[in-house]
Amino acid sequence: MSAPIKKYHAKSATDHAQSEPALVRWLLIAIALVFLTLFLALPLAAVFSQAFEKGLSVYLVALREPDTLSSIKLTLLTAAVTVPLNLFFGVTAAWAIAKFSFPGKNLLITLIDLPFSVSPVISGLIYVLIFGLQGWIGPWLQDHDIKIVFAVPGIILATIFVTFPFVARELIPLMEAQGKEEEEAALVLGATGLQTFFSGNPPQHQT
Amino acid sequence: MKLFKRHNNVLPGFGLTLGFTIFYLSVIVLIPLSALVFRTAGLSWGQFVGIVTAPRVLASYRVTFGSAIVAAIINSVFGVLVAWVLVRYRFPGRRFVDALVDLPFALPTAVAGITLATIYSPNGWVGRYLDPLGIKIAFTPLGITLAMTFIGLPFVVRTVQPVVEEIEVELEEAAVCLGATRWQTLKLVIFPMLLPSILTGFALSFARAVGEYGSIIFIAGNMPMVSEITPLLIITKLEQFDYQGATAIACVMLLTSFLMLLVINLLQKWSRRYAE
């Protein structure tokens, strides 16, 4: 019987019951914009202006330097490896958490969130502690001449750690909001597990 | 599986997905973190306390946590303002500003640090106006607070924004009908609704600021006892091969992260209960 809840959309506030006097509004907008300019727009502008300070040609030459190219390649390689891994993990974890009830679920969610709150310095340190020369399996690695720390595998590991929670954190609330009804209906109609996952879910999983 | 009978887990894939989740989590997160704890457990209690309460370390705590709290407070105040302005008011460029708020997320921390250091150095775009006034930002603790404010900015805005969007107009209209002034409505009706999300944003921004390394070291000055942040101290000890010291301090930071995570989770639980 109650009317649908109205979400507030910014409109020219002629209705004074729902907004502040015009002077206050514009003052607040001005303060917000000054703050954002100082902290966001300026750095953004500075990045670009400094990059192109000496002209486009100098910028392109700097880009083509071997050091720059190899670092770009390294960054792209790292992203190419870590993103699919974390994506696969995120979807798997979200499925396990959102579609099932089990004891310890909250603990699991908290543990998945852990890398988000840990300092990046620590995330590198812990892998040095395991794979470094003084680490747990460091001597074994050195005997077999496998380089992990100070090499690409170490970089990839640390990047996986740091970006670990992102996909799961995005998907879990989404999948929880979807509920289980669609999948249960698909089951009743005879779909196998994988069929249910792939055909029931693509639109929602685009995130 | 009497344990799960109550909850009727009929969908397939539980064992597989949970198993892989726990495996991946252990390999990437739990085992490495436990290495940190075990390494520190090798120290005696006296040694541990001695390391983490050394004067230089205490000074770094003061710099790091002190700056982080100030930065988080600044972000909370202005973050709420920005979220309110973005949702409630119309002005030219609003969408661009909305997208801009995510900049600190997208910018690599090193880029952010170098850029901020350049702008606020004595010759920089802003620094050149502040330097004659005697306000030095770059390479001082003030610069650390500035960098922490920059990186924590999106947290408060993005946490508060959805809540402002969900405020029911009927509540404000009812308040006006009952005779409230606009200020009273804001203070007594709207602010309590926003408070849980503001606190969550504060905690998130604080947690991020405490751990941050890349964007701060360029602008920080990094002088021991004055402007050295704790993550930098850990790195310095590592470079000197003082693994014991580094792991001990890292353990303290890890403990802080745990606590912050707990606080954030509790706050989010509180705000979810409040929303219902």
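Basis of the calculations
- Residues numbered from 1 in each chain as written.
- Chains lettered and ligands numbered in written order.
- Predicted model: local features only at pLDDT ≥ 70, side-chain atom pairs only at ≥ 80, totals over all residues.
- Helix = DSSP H or I, 4+ residues; strand = E, 2+ residues; numbered from the N terminus.
- Buried ≥ 20, exposed ≤ 12 C-beta atoms within 10 Å, placed from the backbone.
- Contact = placed C-beta atoms within 7 Å.
- Nonpolar A, V, L, I, M, F, W, Y, C, P; charged D, E, K, R; others polar.
- Core = buried A, V, L, I, M, F, W, Y, C linked by C-beta atoms within 7 Å.
- Domains from an automatic or database assignment.
- pLDDT = per-residue confidence, 0-100.
- Axes fitted to C-alpha atoms, helices over the stretch in contact; angles between N-to-C directions.
- Left-handed = near helix turned anticlockwise from the far one by under 90°.

(A) Up close: the overall build of chain B. In terms of helices and strands, chain B carries 14 helices and zero strands. Written out in order from the N terminus, the α and β elements of chain B read α-α-α-α-α-α-α-α-α-α-α-α-α-α. Dimensions of chain B, computed from the C-alpha atoms along their principal axes, are close to 75 × 70 × 30 Å. Across the 276 residues that make up chain B, the buried fraction comes to 43%. A separation threshold of at least 6 residues defines the contact pool for chain B, and within that pool the share at least 24 residues apart is 79%.

(B) Quick peek at the overall build of chain A. Assigned secondary structure in chain A consists of nine helices and zero strands. Starting at the N terminus, the α and β elements of chain A follow one another as α-α-α-α-α-α-α-α-α. Counting across all 207 residues of chain A, residues that qualify as buried make up 26%.

(C) Spatial organisation of the interface of chain A and chain B. Contact residues are listed per partner, giving 63 residues for chain A and 70 residues for chain B. If you list the elements that add at least two residues to the side of chain A that touches chain B, you get helix H1 (22–51), helix H3 (66–99), helix H4 (105–117), helix H5 (120–131), helix H7 (152–178) and helix H8 (181–188) of chain A. For the side of chain A that touches chain B, the element with the most residues is H1(A), which contributes 16 residues. Residue composition of the side of chain A that touches chain B, grouped by class: 42 nonpolar, eleven polar and ten charged.

(D) Examining helix H13 (residues 230–239) of chain B more closely. Every buried residue of H13(B) is listed here: Thr230(B), Pro231(B), Leu232(B), Leu233(B), Ile234(B) and Lys237(B). Downstream of H13(B) by a residue or two, Phe241(B) has a phi angle that is positive, lying close to 60°.

(E) The arrangement of the nonpolar core in detail. Counting 110 residues, the largest nonpolar core has Leu125(A), Val82(B), Ile219(B) and Ala250(B) as its most contacted members. Ranked by residue count, the leading element in this core is helix H4 (residues 55–88) of chain B, at 14 residues. Aside from chain neighbours lying at most four places away, what touches Val82(B) is Ala32(A), Phe35(A), Leu36(A), Val101(B) and Val157(B).

(F) Structural detail: the domain arrangement of chain A. With domains assigned, chain A is organised as domain 1 (16–61) and domain 2 (66–206). Taking the mean C-alpha position of each, domain 1 of chain A and domain 2 of chain A sit 35 Å from one another.

(G) Broad picture of the domain arrangement of chain B. Residues and elements named next belong to chain B. Per the domain assignment, the segments making up chain B are domain 1 (12–41) and domain 2 (45–275). With centres defined by C-alpha atoms, the gap from domain 1 to domain 2 works out at 29 Å. Each partner contributes to the interface: domain 1 provides four residues, whereas domain 2 provides six residues. Here the side of domain 1 that touches domain 2 is built from residues that sort into two nonpolar, one polar and one charged.

(H) Representation of the confidence of the model for chain B in the model. Residues and elements named next belong to chain B. Considering every residue of chain B, the mean pLDDT works out to 85; 96% of them sit at 70 or more. When pLDDT is averaged over each helix and strand of chain B, the minimum, 49, is found for helix H1 (residues 2–5) and the maximum, 92, for H4. At the level of chain-chain contacts, confidence expressed as ipTM amounts to 0.79, with global pTM at 0.82.

(I) Here's a closer look at unusual backbone geometry. One non-glycine residue, Asp145(A), lies in positive phi territory at about 60°. Its identity is not glycine, yet Phe139(B) carries a phi of approximately 65°, on the positive side. Locating Phe139(B) in the fold gives a position in the loop between helix H8 (127–130) and helix H9 (141–165). What makes Phe139(B) partly exposed here is the crowd of 19 C-beta atoms within 10 Å.

(J) Spotlight on the environment of Gly245(B). Residues and elements named next belong to chain B. In this fold, glycine 245 is placed in helix H14 (residues 243–275). Take glycine 245: there are 22 C-beta atoms within 10 Å of it, and that puts it in the buried class. Along the primary structure glycine 245 and valine 226 are separated by 19 residues, whereas in three dimensions their C-alpha atoms are 20 Å apart. Leave out the neighbours within four places in its chain, and glycine 245 touches Ile51 and Lys237.

(K) Local environment of the packing of H4(B) against helix H11 (residues 182–211) of chain B. Residue and element names in this part refer to chain B. It is at 8 Å that the axes of H4 and H11 come closest, and there the two elements cross at 145°. The handedness of the crossing between H4 and H11 comes out as right-handed. Contact residues: H4 offers Thr64, Phe65, Ala68, Ile69, Ala71, Ala72, Asn75, Ser76, Gly79 and Val80, while H11 offers Leu194, Ile198, Gly201, Phe202, Ser205, Phe206, Ala209 and Val210. Residues belonging to the contact of H4 with H11 are distributed by class as follows: twelve nonpolar, six polar and no charged.

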